[in-house]
Amino acid sequence: MTNAMELYQMLPKTNCKKCGKTSCMAFAVALMAHELTPEDCPPLKDEPKYKENYEKISETFKPSEGATETGLIVHEDLCFGCGNCVVACPPNVANDPYGVGSGNAPRNVNKLVLTIENGVVKAQNLGECRRFGKNKILCNGCIVTCPVEAIEFV
């Protein structure tokens, strides 16, 4: 499933408004935008005749569970704290030019998007991430520098 129309085809199409949306198509669009989850549709979740579709839709969105609002997922079990992502993150470099921007220890931790805490990368200040906001771009500096694929975007 890659678009709202494909999701809509799997919904009950009752336009019952129990999810808070005006139609099942509006619900499908909200699902794609990660504003709602499959659990927010009572007929889909509760009625046995929609069980298979509910499971398919839920499985489609499972990889994005735990993602930040930018779509960032950090697999802490894979990360060993090398710090490559911290140094490669353009907003980190811009916001801390004399710290991580110069290859040194962070000087302005409060402005960093990625930091290392207890040997694991942590995401913070996601409003600074290039993948967030109205001028978002497809930045992948943190992903391509991670030797163990502990960071991904969904």
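This text follows the structure it describes.
Note that this is a predicted model, so its numbers are computed, not measured. (Residues numbered from 1 in each chain as written. Predicted model: local features only at pLDDT ≥ 70, side-chain atom pairs only at ≥ 80, totals over all residues. Heavy atoms only, no water.)

Undergrad: Any details on the overall build of the protein? Residues and values, ideally.
TA: Regarding its fold elements, the protein presents 7 helices and 4 strands. The order of helices and strands in the protein, counted from the N terminus, is α-α-α-α-β-α-α-β-β-α-β. Relative to the compact-globule value of 15 Å for 154 residues, the protein shows a C-alpha radius of gyration of 19 Å, a clear excess of over 25%. On the principal axes, the C-alpha backbone points of the protein span a range of 60 × 30 × 20 Å. As displayed, the protein offers around 9100 Å² of accessible surface, 50% of which is attributable to carbon and sulfur atoms. If the 16 positive side-chain charges of the protein are averaged to one point and the 18 negative ones to another, these points end up 7 Å apart. (Helix = DSSP H or I, 4+ residues; strand = E, 2+ residues; numbered from the N terminus. Rg over C-alpha atoms; globule rule 2.2 N^0.38 Å. Areas by Shrake-Rupley, 256 points an atom, 1.4 Å probe, with all protein chains shown as cover. Lys, Arg positive; Asp, Glu negative; His and termini not counted. Charge placed at Lys NZ, Arg CZ, Asp CG, Glu CD.)

Undergrad: Which residues make up unusual backbone geometry, and what are the values?
TA: The phi angle at Lys-13 is positive, at roughly 60 degrees, despite the residue not being glycine. Along the polypeptide, Lys-13 turns up in the loop between helix H1 (4–10) and helix H2 (24–32). Looking at Lys-13, the relative accessible area reads 35%, which means it is partly exposed. One non-glycine residue with positive phi stands out, namely Asn-118, at about 55 degrees. With respect to the helices and strands, the residue Asn-118 is situated in the loop between strand E2 (114–117) and strand E3 (120–123). (Buried < 20%, exposed > 50% of the residue type's maximum accessible area, 1.4 Å probe, protein only.)

Undergrad: Any details on the nonpolar core? Residues and values, ideally.
TA: Membership of the largest hydrophobic core comes to 18 residues, with the highest contact counts inside it found for Leu-72, Cys-85, Val-113, Leu-114, Val-121, Cys-142 and Ile-151. Leu-11, Cys-24, Ala-30 and Tyr-54 belong to the second largest nonpolar core, which has 17 residues in total. (Core = buried A, V, L, I, M, F, W, Y, C linked by side-chain atoms within 4.5 Å.)

Undergrad: Please give an account of the pattern of salt bridges that cites residues and values.
TA: Taken as a whole and assessed by the stated rule, the structure comprises 4 salt bridges. Across the pair Glu-55 and Lys-51 runs a salt bridge, and its minimum N-O distance is 3.9 Å. You can see Glu-55 and its partner Lys-51 sitting in helix H4 (residues 51–61), 4 residues apart, about one turn around the helix. Residue Glu-55 is classed as partly exposed on the basis of its relative accessible area, which comes to 44%. (Salt bridge = Lys/Arg side-chain N within 4 Å of Asp/Glu carboxyl O.)

Undergrad: Let's hear about the pairing of E2: which residues, and what values?
TA: Relative to E3, E2 runs antiparallel, the two sharing 4 bridges. Counterpart to Ile-116 in the pairing with E3 is Val-121. The hairpin turn running from E2 into E3, its antiparallel successor, is 2 residues long, and Asn-118 in that turn takes a positive phi close to 55 degrees. (Pairing = 2+ DSSP bridges.)

Undergrad: Give me the lowdown on the environment of Val-87, citing residues and values where you can.
TA: In this fold, Val-87 is placed in helix H5 (residues 84–88). Here Val-87 falls in the partly exposed class, since its relative accessible area comes to 42%. Here the alpha-carbon distance between Val-87 and Gly-141, two residues 54 residues apart in the chain, equals 9.2 Å. Setting aside anything within four residues of it in sequence, one finds Val-87 in contact with Val-93 and Val-100. (Contact = heavy atoms within 4.5 Å.)

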